[in-house]
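Given next are the chains, with one letter for each unit.
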Amino acid sequence: MLTVSRSFMIVAITVVGCTLTSQSAFAGEMNAAQKAARDNALRSGSAITKLAYVTSNSHTSTTYQKGVDYGDTFELTFRYDYKDSDGDPQYFVLTYKFLKNGTYTGFSKGPHSSFWPPFNVIEISGAVIEEALKK
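What comes next concerns the included structure.

Remarks on the packing of aromatic side chains
Then comes step 1: Tallied over the full model, the rule gives 13 aromatic pairs.
Then comes step 2: With 5.2 Å between their ring centres and 50 degrees between their planes, F107 and F119 make a pair best called tilted. Taken together, the residues F107 in strand β5 (residues 104-112) and F119 in the loop between β5 and α4 (120-134) connect sequence positions 12 residues apart.
Then comes step 3: What links up through ring pairs into an aromatic cluster is the set Y53, Y64, F74, F78, Y80, Y82, F92, Y96, F98, Y104, F107 and F119.
Then comes step 4: Sitting over the face of the ring of Y91, R79 holds its NZ or CZ atom 4.1 Å from the ring centroid.

Here's the deal with the side chain of E75
Then comes step 1: Of note, E75 is situated in strand β3 (residues 73-83).
Then comes step 2: Here Y70 takes part through its side chain, which lies 3.2 Å from a polar atom of the side chain of E75.
Then comes step 3: Of the polar contacts made by the side chain of E75, one reaches the side chain of K97; its length is 3.2 Å.

Looking at the pattern of salt bridges
Then comes step 1: As enumerated under the stated definition, the model contains 8 salt bridges in all.
Then comes step 2: The partner of K35 in a salt bridge is E29, and the shortest N-O contact between them spans 3.3 Å.
Then comes step 3: Taking the relative accessible area as the measure of exposure, K35 reaches 32% and is therefore partly exposed.
Then comes step 4: Since its relative accessible area comes to 66%, E29 is described here as exposed.
Then comes step 5: In this structure, R38 and D39 form a salt bridge, with 3.0 Å as the shortest nitrogen-oxygen distance.
Then comes step 6: Each of E130, E131 and K134 takes part in a single network of salt bridges with overlapping partners.

Description of the side chain of D84
Then comes step 1: Along the chain, D84 turns up in the loop between β3 and β4 (89-99).
Then comes step 2: In this structure D84 is buried but unpaired, with K83 as the nearest side chain of opposite charge at 9.1 Å.
Then comes step 3: A distance of 2.9 Å separates the side chain of D84 from the backbone nitrogen of D86, its partner in a polar contact.
Then comes step 4: Once you skip the residues sitting within four places of it in the chain, D84 turns out to touch T55, S56, N57 and Q90.

Brief notes about the nonpolar core
Then comes step 1: Residues I48, L76, Y80, F92, L94 and Y96 are the most contacted members of the largest nonpolar core, which totals 17 residues.
Then comes step 2: Broken down by secondary-structure element, the contributors of at least two residues to this core are α2 (32-43), α3 (45-52), β3 and β4.

Topic: the pairing of strand β2 (residues 58-69)
Remark: a regular strand shows side chains that alternate across the two faces of the sheet.
Then comes step 1: Sheet topology places β2 next to β3; 10 bridges connect them, and they run antiparallel. Bridging from a neighbouring strand, D69 pairs with F74 of β3.
Then comes step 2: Linking β2 back to β3 in an antiparallel pair, the connection comprises 3 residues, with G71 at a positive phi of about 95 degrees.

Rules and cut-offs
The residue count restarts for each chain, going from 1 along the sequence in the order it is written. With pLDDT at 70 or above as the cut-off, local features in this predicted model cover only qualifying residues; side-chain atom pairs require 80 or more to be listed or tallied, and sums for whole chains, interfaces and linings still use all residues. The basis for every side-chain value is the complete set of heavy atoms in the structure, and neither hydrogens nor water enter the calculation. Classification of ring pairs uses Phe, Tyr and Trp, with its six-membered ring standing for Trp, and accepts pairs whose centres are within 6.5 Å; under 30 degrees between planes counts as stacked, over 60 as edge-to-face, and the remaining range as tilted. By the criteria applied, helices consist of DSSP H or I runs no shorter than four residues and strands consist of E runs no shorter than two, each listed in order from the N terminus. Criterion for a charge above a ring: Arg CZ or Lys NZ at most 6 Å from the ring centre, at most 35 degrees from the ring normal. Any pair of N or O atoms that falls within 3.5 Å is considered a polar contact. Within protein, one atom must be able to donate a hydrogen and the other to accept it, and sequence-neighbouring residues count only if both atoms are side-chain atoms. Just to be clear on terms, a salt bridge is a Lys or Arg side-chain nitrogen sitting within 4 Å of an Asp or Glu carboxyl oxygen. Burial here depends on accessible area, computed with a 1.4 Å probe over protein chains only, as a share of the maximum for the residue type. Under 20% is buried, over 50% is exposed, and the range in between is partly exposed. Counting rule applied: Lys, Arg positive; Asp, Glu negative; His and chain ends not counted. The contact definition used throughout considers only heavy atoms, calling two residues in contact when any of these lie within 4.5 Å. Nonpolar cores were defined as sets of buried Ala, Val, Leu, Ile, Met, Phe, Trp, Tyr and Cys residues, with membership established by side-chain atoms within 4.5 Å. Any two strands between which DSSP finds at least two bridges are classified as paired.

Structure (structure tokens):
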């Protein structure tokens, strides 16, 4: 079961900035935290696609693209393929950010084939609710 709150989406959609001194693609095997994070993202593909594009017709695949190890943190990038409400193939890319122990810290959006960026409906809905509550 996937539960998402407004505060989670604000944190998750915020791009986390940091200074990096060195980076390297995973050389050889991933460690246990990296494997667990990868496996969780692969298992959650359908739910993530539905959150990213609420009008998507079907999730077709999740593909691990790359991982980068920064020492104290790491990133994993995935491509999500789906069919839109017209049945046309679409995709989007997300890069997840983690502490070295596997604690999730955020994500950033990458390329996407749709005119609308991923999570657009959630972002707009949150802004509308926020404005309504201010009145």
